[in-house]
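# Observations on chain architecture
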Amino acid sequence: MTHDDYTAIQAVNFSRLKKLAASPRHYRVNHNRDTASRVVLRAMHAAVLEPAAFLRDFAVCEVTRNHTHKAYQAWLAEHPGAHALTVSEHAEVLAVRDAVLAHPEAARLLDGCATEMTMTWDEDGTPCKGRLDALGAGRIIDLKGYGTTDQREVSRAIARGWHHVQAAHYVAGARAQGLAVDRYYILTYETDPPYDVAVYDITPWLGIGERVRQEWLATLRLCQRTEQWPGRCPG
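Right, let's walk through the structure included here. (Residues numbered from 1 in each chain as written. Predicted model: local features only at pLDDT ≥ 70, side-chain atom pairs only at ≥ 80, totals over all residues. Heavy atoms only, no water.)

### What about the layout of surface pockets?
In this model, the second largest pocket occupies a volume close to 230 Å³. Of all the secondary structure elements, the ones that give two or more residues to the lining of the second largest pocket are helix 4 (36-49), helix 6 (70-78) and strand 2 (83-85). Top element by residues in the lining of the second largest pocket is helix 6. It accounts for 3 residues. Across the lining of the second largest pocket, the residue classes break down as 7 nonpolar, 2 polar and 2 charged. (1 Å grid on protein atoms, 1.4 Å probe; cavity = no way out; pocket = protein on both sides within 12 Å on 5 of 7 lines; lining within 4 Å. Points joined across faces, edges and corners; volume = space filled by probe spheres on them. Helix = DSSP H or I, 4+ residues; strand = E, 2+ residues; numbered from the N terminus. Nonpolar A, V, L, I, M, F, W, Y, C, P; charged D, E, K, R; others polar.)

Okay, structure coming up:
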């Protein structure tokens with residue numbers, strides 16, 4: 001399933017659910033523009049996890065990415081359906097790919113995994129969805145471009161991005177498919193030289209992540225039932 005097909009599924013994913021950390025009012029406004037940085041992130045995932053899709057869906061663009069410029073219009077016509085990467089972005093993607101695949105623990109965990117796996121499930125009447133980076137025997141591996149491999153900084157990034165809640169969401173989805181998953185790994189990489197790579201087992205974070213996720217889902221159901229979507233300070 002392509003990224004666009006996944007996006008079209010009408011269900012609650014983690015990116016939308018975590019907006020409840022701000023307020024229900026923020027949840028209702030679902031603005032997720034496809035920025036250049038997100039395209040690069042997807043390119044990195046594809047290069048590591050789906051090499052054929054990377055070659056199919058991304059291409060180097062040596063002209064300015066401006067839809068009003070004839071040179072870019074010509075590039076788009078020559079590369080229908082492809083996402084444009086600058087020369088430097090393309091080099092960065094390949095450097096990250098090579099670093100991840102050369103990392104012994106990362107390579108071991110990714111070996112034999114199903115990748116970019118789409119899940120849908122119903123949770124007490126709430127349709128949910130998720131897209132796993134990699135699913136192996138009893139484990140989920142999540143690629144994160146935190147830009148650091150320092151354990152303290154990675155822990156802060158996980159907490160700041162609510163990625164322990166994302167982990168719980170994905171584990172719940174996998175188990176709803178009848179899959180026995182009991183380990184969750186964050187594979188983080190630097191996006192600048194020396195392109196260091198590290199793997200962290202965040203399975204101990206799953207319990208608190210699931211409690212927060214259930215609180216958010218309960219809030220969502222309450223707002224849907226009452227048709228009230230308060231902000232941070234409703235007054």
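### Focus on the sheet that holds strand 4 (residues 126-136)
The 5 strands are arranged 3-4-5-6-7 in an open sheet whose pairing can be described as mixed. Each edge of the sheet is formed by a strand with only one pairing partner; in this case those strands are strand 3 (114-123) and strand 7 (197-201). For this sheet the average axis-to-axis angle between neighbouring strands, irrespective of direction, equals 40°. Bridging between strand 5 (residues 139-144) and strand 6 (residues 183-189) involves 6 bridges; their strand directions are parallel. Bridged to Arg139 within strand 6 is Arg183. (Pairing = 2+ DSSP bridges. Axes fitted to C-alpha atoms, helices over the stretch in contact; angles between N-to-C directions.)

### Re the pairing of strand 4
Judged by how many residues are buried, strand 4 sits mostly within the fold: 10 of 11 residues are covered. Across 9 bridges, strand 3 lies against strand 4 in antiparallel orientation. Paired with Trp121 across the two strands is Cys128, which belongs to strand 4. Linking strand 3 back to strand 4 in an antiparallel pair, the connection comprises 2 residues, with Asp124 at a positive phi of about 55°. As paired strands, strand 4 and strand 5 are joined by 3 bridges and run antiparallel to one another. What sits directly across from Gly136, in strand 5, is Arg139. (Buried < 20%, exposed > 50% of the residue type's maximum accessible area, 1.4 Å probe, protein only.)

### Concerning the environment of Tyr184
Its location among the elements puts Tyr184 in strand 6. A sequence separation of 144 residues divides Tyr184 from Val40, and the C-alpha atoms of the two residues are 24 Å apart. The contact partners of Tyr184, leaving out residues within four places of it in the chain, are Ile140, Asp142, Ala167, Tyr170, Val171, Tyr200, Asp201, Ile202, Thr203 and Leu206. Side-chain polar atoms of Tyr184 contact the side chain of Asp142, separated by 2.9 Å. (Contact = heavy atoms within 4.5 Å. Polar contact = N/O pair within 3.5 Å; in protein donor to acceptor, adjacent residues only side chain to side chain.)

### Topic: helix 4
Helix length check: helix 4 (14 residues) gives 20 Å between terminal C-alpha atoms against 20 Å at 1.5 Å per residue, within 8%. For helix 4, the tally of buried residues reaches 10 of 14 residues, placing the bulk of the element in the interior. Within helix 4, the full set of buried residues consists of Val39, Val40, Arg42, Ala43, Met44, His45, Ala46, Ala47, Val48 and Leu49. (Expected span 1.5 Å × (residues − 1).)

### Points about the nonpolar core
Among the nonpolar cores identified, the biggest contains 26 residues, and Phe54, Val100, Leu110, Ile141 and Leu187 are the most heavily contacted of them. Those elements giving two or more residues to this core turn out to be helix 4, helix 7 (87-102), helix 8 (104-110), strand 5 and strand 6. Apart from residues lying up to four places away in sequence, Ile141 is in contact with Leu109, Leu110, Cys113, Asp133, Ala134, Tyr185 and Leu187. Counting 21 residues, the second-largest nonpolar core is a separate cluster that includes Trp121, Leu135, Ile186 and Ala198. (Core = buried A, V, L, I, M, F, W, Y, C linked by side-chain atoms within 4.5 Å.)

### Some words on the packing of aromatic side chains
By the definition in use, this model includes 4 aromatic pairs. With a centroid separation of 6.1 Å and an interplanar angle of 10°, the aromatic rings of Tyr72 and Trp75 are classed as stacked. Here the residue Tyr72 and the residue Trp75 both occupy positions in helix 6, the gap between them amounting to 3 residues, near one helical turn. Just as Tyr72 is buried, Trp75 falls in that class too. Above the face of the Tyr6 ring, Lys129 is positioned so that its terminal group lies 4.5 Å from the ring centre. (Phe/Tyr/Trp six-rings, centres within 6.5 Å; stacked < 30°, edge-to-face > 60°. Lys NZ or Arg CZ within 6 Å of the ring centre and 35° of its normal.)

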